[in-house]
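# Breakdown of the fold
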Amino acid sequence: MRISITARLALLAVLLSLITSLALAGLIWQQTHDDAIEVLRRDTAQQTDAFVAVYRSGGIPALAQAIADAEADDDSLVAALVDRNGTRRLGAGPDRLVFAPSAESFRVETLGTDGEWAGQEAGVTIRPLGRDWLVSGRLLDDWERTQRNIERALLLAILLSLVLGVGVGLVLARYVTRRLDRIAGAVDAVAAGDLTRRVGTEAGGSDAFDRLSLRIDGMLDRIDRLMAELRIVTDSIAHDLRSPIARLRARAEAAATASHPQQREVALAGLIAETDLVMRMLAVLLEISRSEAVTRDMLTPLDPAALIEEIADLYAPVVEEAGLRFVVAVPPEPGLEVKLHRELLSQALANLIDNALRHAAAGGEIALTLERAADAIRFSVADRGPGIPAADRAQALSRFGRLDHARSLPGAGLGLALVESVARLHGGRLELGDNDPGLTATIMVPL
């Protein structure tokens, strides 16, 4: 039978609690046991030293009296003088020890097998006294009772820890289930078509579930944005391709029905121009899709100044031929390398320069600039054209977004959308600003 992940988490919490309790109880039991044995050894050693001192000062009679006095005050006392065979000569102890006495400082043994001493364990110290042996110590009855009390307390603590572990496991399982259900609910809602649903985070929370929720919400935001762009692209393609295709059909009909060769050539030239426009639109759409499919690990360290100089060398003749002045500004900062996608970033900057060439006023200038900021680099293209009002910039950045004054010019309204997509690929953004007069388009790439 398969066990759910929440049940496994609960069982894991119970198991960890039980293992911790057992380890702690074992450590406490061992420590108390060792401490108790050490205390017993020290007490019996002191007691034996006292009896030996009495024997040396007063002999056997004084020893017998000292043992009798001590026995009257302590019913757990073991104090006997035995011969080398273990037979008791005097004192408190079994008539015959079950073991032969030897020169051991301390031992825990069963003393006798008959009478009240049968099976009794004691901790005793054995000392030689002349030809006899002094066996002195205490029965373990009190010590064992103390140990049993400690063991019962430890067992109760283990049971309590087990109950607490079950409670913690249930709480943990409930918490995990609630958070996973919340994530699953958002994913199911999105799968059912509700792209506005989000997981969200707990108030003031910053645990792993909150971090996962933020990442899932970010992914859903991107999916929502891509779906919205897909709808816009689909609608825009259907709308914007209608006119070129209609013109293609009209040009084709004109070429087919033209009776004069010159009219046919004009119609065919128009047909080719309309075909080129449609192909450019599709090519830019493919470039945008390609830039969004590129991952950050495909970026390579490049010198941005060298990239700007390459683009400047390529476009300088084109700008001068258009009657404009081309200004290139690159800061002298050798050795700077930034992770970039050379081909896509070059395409984005080329799009900005093409836009400036189409919209810049005759006799003006186009500036290509690279600037280093505190935490980013700025690729800027500025012109002296009419610019874009602040209220229209969002429309200009959308796919197929064309402003009214630009509809008479050739183009599909995809250039800035491609540039913005390339900026997002690099973790940056595209900013449109005033050049007083004109427009400044800046690609911000974080360092």
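For the structure itself, consult the block above.
Overview of the structure. Remember, predicted model here, so these are calculated numbers, not experimental data.

## Concerning the packing of helix H6 (residues 304-321) against helix H7 (residues 342-359)
- Relative to each other, H6 and H7 sit at 30 degrees, their axes nearing to 11 Å. In terms of orientation, H6 and H7 fall into the roughly parallel class. When you trace H6 past H7, the crossing you get is right-handed. Contacts between H6 and H7 involve Leu 307, Ile 308, Glu 310, Ile 311, Tyr 315, Val 318 and Val 319 on the former and, on the latter, Arg 342, Leu 345, Ser 346, Leu 349, Ala 350, Ile 353, Asp 354 and Leu 357.
- Partitioning the contact of H6 with H7 into residue classes produces 11 nonpolar, one polar and three charged.

## Things to note about the sheet that holds strand E4 (residues 121-129)
- Taking strand neighbours across the sheet as the criterion, the five strands line up as E2-E1-E5-E4-E3 in an open arrangement whose pairing is antiparallel. Edge strands, defined here as strands with exactly one partner in the open sheet, are strand E2 (88-92) and strand E3 (107-110). Mean inter-strand twist for the sheet, computed between neighbouring axes without regard to direction, equals 30 degrees.

## A closer look at the pattern of salt bridges
- Taken as a whole and judged by the stated rule, the model has 11 salt bridges.
- Arg 342 is the partner of Glu 310 in a salt bridge, and the nearest nitrogen-oxygen pair spans 3.0 Å. Residue Glu 310 is located in helix H6, and its partner Arg 342 is located in helix H7; the two are separated by 32 residues in the primary sequence.
- Arg 342 sits in the partly exposed class, given a relative accessible area of 38%.
- For Glu 371, the salt bridge identified is with Arg 378, shortest N-O distance 3.2 Å.
- Overall, the relative accessible area of 38% leaves Glu 371 in the partly exposed class.
- In the salt-bridge network here, residues are joined through shared partners; they are Arg 198, Asp 221 and Asp 224.

## Thoughts on the side chain of Arg 179
- Residue placement: Arg 179 occurs in helix H2 (residues 141-191).
- Apart from the residues within four sequence positions on either side, Arg 179 is in contact with Glu 202, Asp 207, Phe 209, Asp 210 and Ser 213.

## Describing empty space enclosed by the protein
- All chains considered together, the criterion is met by one cavity of 30 Å³ or more.
- By volume, the largest cavity amounts to about 60 Å³.
- Lining of the largest cavity is provided by Asp 303, Pro 304, Ala 305, Pro 331, Glu 333, Leu 336, Leu 370, Glu 371, Arg 372 and Ile 377.
- Looking at the lining of the largest cavity, the elements that each hand over two or more residues are H6 and strand E9 (365-372).

## Looking at H6
- Taking 1.5 Å of rise per residue, the 18 residues of H6 would be expected to cover 26 Å, and the 26 Å separating its terminal C-alpha atoms lies within 8% of that figure.
- At Tyr 315, H6 is bent by approximately 40 degrees, the largest bend along its length, and proline Pro 317 sits one to four residues beyond.
- On its buried face, H6 sits against strand E6 (300-302), strand E7 (325-329), strand E8 (338-340), H7, E9 and strand E10 (376-382).
- With a side-chain oxygen positioned 3.1 Å from the backbone nitrogen of Ala 305, the residue opening H6 is Asp 303.

Rules of the game
- Residues numbered from 1 in each chain as written.
- Predicted model: local features only at pLDDT ≥ 70, side-chain atom pairs only at ≥ 80, totals over all residues.
- Heavy atoms only, no water.
- Axes fitted to C-alpha atoms, helices over the stretch in contact; angles between N-to-C directions.
- Helix = DSSP H or I, 4+ residues; strand = E, 2+ residues; numbered from the N terminus.
- Parallel < 35°, antiparallel > 145°, perpendicular 65-115°, else oblique.
- Left-handed = near helix turned anticlockwise from the far one by under 90°.
- Contact = heavy atoms within 4.5 Å.
- Nonpolar A, V, L, I, M, F, W, Y, C, P; charged D, E, K, R; others polar.
- Pairing = 2+ DSSP bridges.
- Salt bridge = Lys/Arg side-chain N within 4 Å of Asp/Glu carboxyl O.
- Buried < 20%, exposed > 50% of the residue type's maximum accessible area, 1.4 Å probe, protein only.
- 1 Å grid on protein atoms, 1.4 Å probe; cavity = no way out; pocket = protein on both sides within 12 Å on 5 of 7 lines; lining within 4 Å.
- Points joined across faces, edges and corners; volume = space filled by probe spheres on them.
- Expected span 1.5 Å × (residues − 1).
- Bend = angle between axes of the 7 residues up to and from the residue.
- Polar contact = N/O pair within 3.5 Å; in protein donor to acceptor, adjacent residues only side chain to side chain.

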